[in-house]
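One-letter residues, chain by chain:
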Amino acid sequence: MPEPMPAAFPPAFLWGAATSAYQIEGAVREDGRTPSIWDTFSHTPGKTAGGDTGDTAVDHYHRYRDDVALMADLGLNAYRFSVSWSRVQPTGRGPAVQRGLDFYRRLVDELLDKGIKPALTLYHWDLPQELEDAGGWPERETAYRFAEYAGIVGAALGDRVEQWMTLNEPWCSAFLGYGSGVHAPGRTDHAAALRAAHHLNLAHGLATTALRSVMPARNSVAVSLNTAVVRPLSRRPEDLLAARKIDDLSGGVFHGPILHGAYPERLFEATASVTDWSHVQDGDLAAIHQPLDALGLNYYNPTLVSAADADARGPRSDGHGESDFSPWPAADDVAFHQSPGERTEMGWTVDPTGLYDMIMRYSREAPGLQLFITENGAAYDDKPDSDGRVHDPERVAYLNGHLSAVHRAIADGADVRGYYLWSLLDNFEWAYGYEKRFGGVYVDYVTLERTPKSSALWYGEAARTGTLPPVETAGRTS
Ligand code: FCB
């Protein structure tokens, strides 16, 4: 029997890798950069595993040329990175520091030179500390500051970066940053978290308008969301209600205003004990509801919930770090459960059907928008073998499963234009410090030497051929 033909992806499909500034750059005091909330948080004892910080991270600020060359060698044709706000605008307001912007100009030129499409995220969680000191995302002013910053970066790089994302995972910024406090700035105040969510939405809308006013019309503007793929434990009505609540609190709270110009009514009712939403001002929803070109979807694992019967309480933090405080406002009536199946080093269940479901859901929710998987990947306990190679068959299987789900969604009519592996390199995994390795490329944290894992070689072959290679060959290709 001849082998079945491997499934081909569309010819223009983007095969990328993703990173974020604080997780890889290091050089935190160079060229005028000032602390962001993540510098402060990681330097606060007890906040990150092992007291790890991004001070050096993987030194990408100095090694970006090598890292771009690595991507080119692998055969990737796209790269998603984020800009450090406090490198560009150290106080979070006022004129830009050109030396900070110059780093991104050099990075983008290097990418373009190697035929790699840059995709720029303006905000991947590193708010300038001065803006947090002035109240942070729970304050409306932060949204105006973000729009100003967006205009600066748009004007500087809009001529050579076509793909723009305003925010990465505003859910994490609002609910892990101000709710459970496992992320910077580490506050635990549900009312503040909901205000933060609204001001992040407003920031997205205002930034989209600011970008459009300074950039060529051909450029694409998007936001990257990590709406939970919520599965109810049973079909009992109370479990279905619990699932709907978590869907509203992770998805509707953002895509409601961003895509449809309104918050779900249910959300107001569900959170009435926490906030009266009086921070939403006239005109805000129109400002948030801007036409977009694309939508970024970040997916790692599904979320299994039920009503919180006395006997059904699960971990409240839902795999997003340990805290006595739930990230979820007004959700004491919801219990979280471990989804069945194999798990990654994060304890996250491997379930590619969740990615398929997320894509198909947003195909319906956002018709006409191009979809990008802006993050997907897995942490495993990778180690070099005696000959220095890093074999990570679990990650190859993870990627194969999830890329197959993307392919199936495309075959079923979804307009998915690209996929960004999280992450290009092992890096600073927030509160987990350097303990969790998500990279396609292994980083020795002593020498900072980079070694592509077998998964990166497998993924590179997929990128070069436009089809998924057999998983057995992983590690023997290149
Ligand atoms: C996402 C973040 C990214 C990384 C991955 C594992 O939520 O956007 O920075 O931490 O999870």
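Nothing here was measured: the structure is a model prediction, and the numbers come from that model.

1. Structural notes on the site of the ligand
Phase 1: Looking at the ligand, the residues that line it are Gln23, His124, Trp125, Asn168, Glu169, Tyr300, Glu375, Trp422, Glu429, Trp430 and Phe438.
Phase 2: His124 is positioned with one of its side-chain polar atoms (N or O) 2.8 Å from an oxygen atom of the ligand.
Phase 3: One of the side-chain N or O atoms of Glu375 is found 3.0 Å from an oxygen atom in the ligand.
Phase 4: When isolated, the ligand has an accessible area of 290 Å², and the protein chains bury 94% of it.
Phase 5: Class assignment for the residues of the shell around the ligand results in five nonpolar, three polar and three charged.

2. A word on the packing of aromatic side chains
Phase 1: Taken as a whole and judged by the stated rule, the model has 36 aromatic pairs.
Phase 2: Considering the side-chain rings of Tyr123 and Phe146, the 6.2 Å spacing of their centres and the 80° angle between planes classify their relative orientation as edge-to-face. Pair noted here: Tyr123 is in strand β3 (residues 117–123) and Phe146 is in helix α7 (residues 141–157), with a separation of 23 residues, a long-range link.
Phase 3: On the basis of relative accessible area, Tyr123 is assigned to the buried category, the value being 1%.
Phase 4: Assessed through its relative accessible area of 0%, Phe146 is described here as buried.

3. As for the pattern of salt bridges
Phase 1: Inspection of every chain in the model, using the stated rule, returns 35 salt bridges.
Phase 2: Arg450 is the salt-bridge partner of Asp67, the closest N and O atoms lying 2.8 Å from each other. Placement of Asp67 in helix α3 (residues 60–74) and of Arg450 in strand β13 (residues 450–452) is noted, with a sequence separation of 383 residues between them. When sorted by exposure, Asp67 lands in the same class as Arg450, which is buried.

Basis of the calculations
- Residues numbered from 1 in each chain as written.
- Predicted model: local features only at pLDDT ≥ 70, side-chain atom pairs only at ≥ 80, totals over all residues.
- Heavy atoms only, no water.
- Near = heavy atom within 4 Å.
- Polar contact = N/O pair within 3.5 Å; in protein donor to acceptor, adjacent residues only side chain to side chain.
- Areas by Shrake-Rupley, 256 points an atom, 1.4 Å probe, with all protein chains shown as cover.
- Nonpolar A, V, L, I, M, F, W, Y, C, P; charged D, E, K, R; others polar.
- Phe/Tyr/Trp six-rings, centres within 6.5 Å; stacked < 30°, edge-to-face > 60°.
- Helix = DSSP H or I, 4+ residues; strand = E, 2+ residues; numbered from the N terminus.
- Buried < 20%, exposed > 50% of the residue type's maximum accessible area, 1.4 Å probe, protein only.
- Salt bridge = Lys/Arg side-chain N within 4 Å of Asp/Glu carboxyl O.

Purely spatial values, then, with no claim about function.
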